[in-house]
Amino acid sequence: MKNILLPILFLFFTLLGYSQKNIYESDKFNELSKEHKVLAILPFLTHLDLKDDMTKEELRALEKKEGLAVQDALETYFSKRKKKKKFSVEFQNTENTNAMLAQNNISYENMDVYTVKELSEILQVDGIISGNLDLNVLLSKGVATEFSIIDYFLGEADYGRIGMKISDGGSGKLLWKYEKKINKKSGKNTDDLIDRMMKLATRKFPYDREKRRDKKKR
């Protein structure tokens, strides 16, 4: 049993370590973000690769649903952490964000043709949190999380990839980016995924008060 368990544990911690390293932070972060007070969270742009037969319209509707689920999960995560005064910025209510976008004829379908500067001005925020989601399952509905080493060899443990980034509203420049593979160990649904993902990145999240304090001490 030990002979089987050790390779599994090695693989798991290797994957965990790899996910923690997929973080980029601009060397101009402090300079560009020093006046940041409010950030907006956009629905994530989603690409679904499903085996089910469906029309393009049905697929697009599901992609939008998944993108909105990530937006909602991030807001929930930040709200919980904000109550503990963990962040140096506020996060715009996502209902307000989506309403303001709609008022300016910006939809999930055409959102990507607008620049960060344009979106920040419309939303009246200092920065934008956005991202991409590539999935071969409907994560918002929940997925199996039982772990088996055989799944990795069969390719049945990988559900896709998520990429999250923060951009400065004034300059439009990328400030921070985090990418992570999504698999059976990532979480059973969207909320679980975001919670686990952000916990891995907590000490690297640029607006975390403790992180900024540690940097200043150095």
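Thresholds applied
- Residues numbered from 1 in each chain as written.
- Predicted model: local features only at pLDDT ≥ 70, side-chain atom pairs only at ≥ 80, totals over all residues.
- Heavy atoms only, no water.
- Helix = DSSP H or I, 4+ residues; strand = E, 2+ residues; numbered from the N terminus.
- Buried < 20%, exposed > 50% of the residue type's maximum accessible area, 1.4 Å probe, protein only.
- Contact = heavy atoms within 4.5 Å.
- pLDDT = per-residue confidence, 0-100.
- Pairing = 2+ DSSP bridges.
- Salt bridge = Lys/Arg side-chain N within 4 Å of Asp/Glu carboxyl O.
- Arc of directions from axis to C-beta.
- Polar contact = N/O pair within 3.5 Å; in protein donor to acceptor, adjacent residues only side chain to side chain.
- Core = buried A, V, L, I, M, F, W, Y, C linked by side-chain atoms within 4.5 Å.

Comments concerning the side chain of Ser 120
Examined against the element boundaries, Ser 120 turns out to sit in helix α5 (residues 116-123). The exposure class assigned to Ser 120 is buried, which follows from its relative accessible area of 3%. With residues near it in sequence (within four places) discarded, Ser 120 still touches Val 125, Gly 127, Ile 128 and Gly 169.

Comments concerning the confidence of the model for the protein
Taken residue by residue, the protein gives an average pLDDT of 78. The fraction at 70 or more is 70%. Under a pLDDT of 50 for its full length, residues 4-20 has, in the predicted model, 14 contacts with residues more than four places off or in other chains. Per-residue pLDDT stays below 50 along residues 143-157; that stretch engages in 30 contacts with residues further than four places along the chain or on separate chains.

Thoughts on the pairing of strand β5 (residues 127-135)
Counting buried residues in β5 gives seven out of nine residues, a clear majority hidden from the surface. Where strand β2 (residues 38-41) meets β5, three bridges bridge the pair, whose relative direction is parallel. Considered in β5, the bridge of Leu 39 is made with Gly 127. Looking at chain direction, strand β3 (residues 45-48) and β5 are connected through four bridges and run parallel. Bridged to His 47 within β5 is Asp 134. Of the strand pairs in this sheet, β5 and strand β6 (residues 158-168) are connected by nine bridges, and their pairing is antiparallel. Residue pairing for β6: Ile 129 is matched across the bridge by Ile 166.

Things to note about the environment of Trp 176
Residue position: Trp 176 is located in strand β7 (residues 174-183). Placed 11 residues apart in sequence, Trp 176 and Lys 165 show a C-alpha to C-alpha distance of 5.5 Å.

Some remarks on the pattern of salt bridges
All told, the structure shown has two salt bridges when counted by the stated rule. Where Glu 179 meets Arg 161, a salt bridge forms, and the shortest distance between an N and an O atom there is 3.8 Å. Of this pair, Glu 179 sits in strand β7 while Arg 161 is found in strand β6, placing the two residues 18 residues apart along the sequence. Judged by its relative accessible area of 29%, Glu 179 is partly exposed.

Structural notes on helix α4 (residues 94-103)
Here α4 has its buried residues at Thr 94, Thr 97, Met 100 and Leu 101. Along the axis of α4, the buried positions cluster into a sector of 125 degrees, meaning they face one direction only. The outward face of α4, more than 90 degrees from its buried face, is lined by the exposed residues Glu 95 and Gln 103. At its buried positions, α4 is contacted by β2, α3 (56-82) and α5. Put simply, Asn 93 is the residue that caps the front of α4, since its side-chain oxygen is 2.8 Å from the backbone nitrogen of Glu 95. Remark: Asn 105 follows α4 within two positions and exhibits a positive phi of approximately 60 degrees.

As for the nonpolar core
In this structure, Leu 74, Phe 78, Ile 129, Met 164, Ile 194, Met 198 and Phe 205 are the most contacted members of the largest nonpolar core, which totals 33 residues. At the level of secondary structure, the elements contributing two or more residues to this core comprise α2 (29-33), β2, α3, β5, β6, β7 and α7 (190-201). Judged by nonpolar contacts, the second largest core, of 11 residues, contains Ile 106, Met 111, Val 125 and Ile 128.

Examining α5
Of all the residues in α5, the buried ones are Leu 119, Ser 120 and Leu 123. For α5, the angular spread of the buried residues around the axis is 100 degrees, confining them to a single face. Its buried side turned inward, α5 meets β2, α4 and β5. Just downstream of α5 lies Gln 124, where phi reads positive at about 60 degrees.

Quick notes on unusual backbone geometry
Of note in this structure, Asn 105 is not a glycine but carries a positive phi near 60 degrees. Classification of Asn 105 by relative accessible area gives exposed; the value is 64%. Even without a glycine there, the phi angle at Gln 124 is positive, about 60 degrees. Tracing the backbone shows Gln 124 in the loop between α5 and β5. Classification of Gln 124 by relative accessible area gives exposed; the value is 66%.

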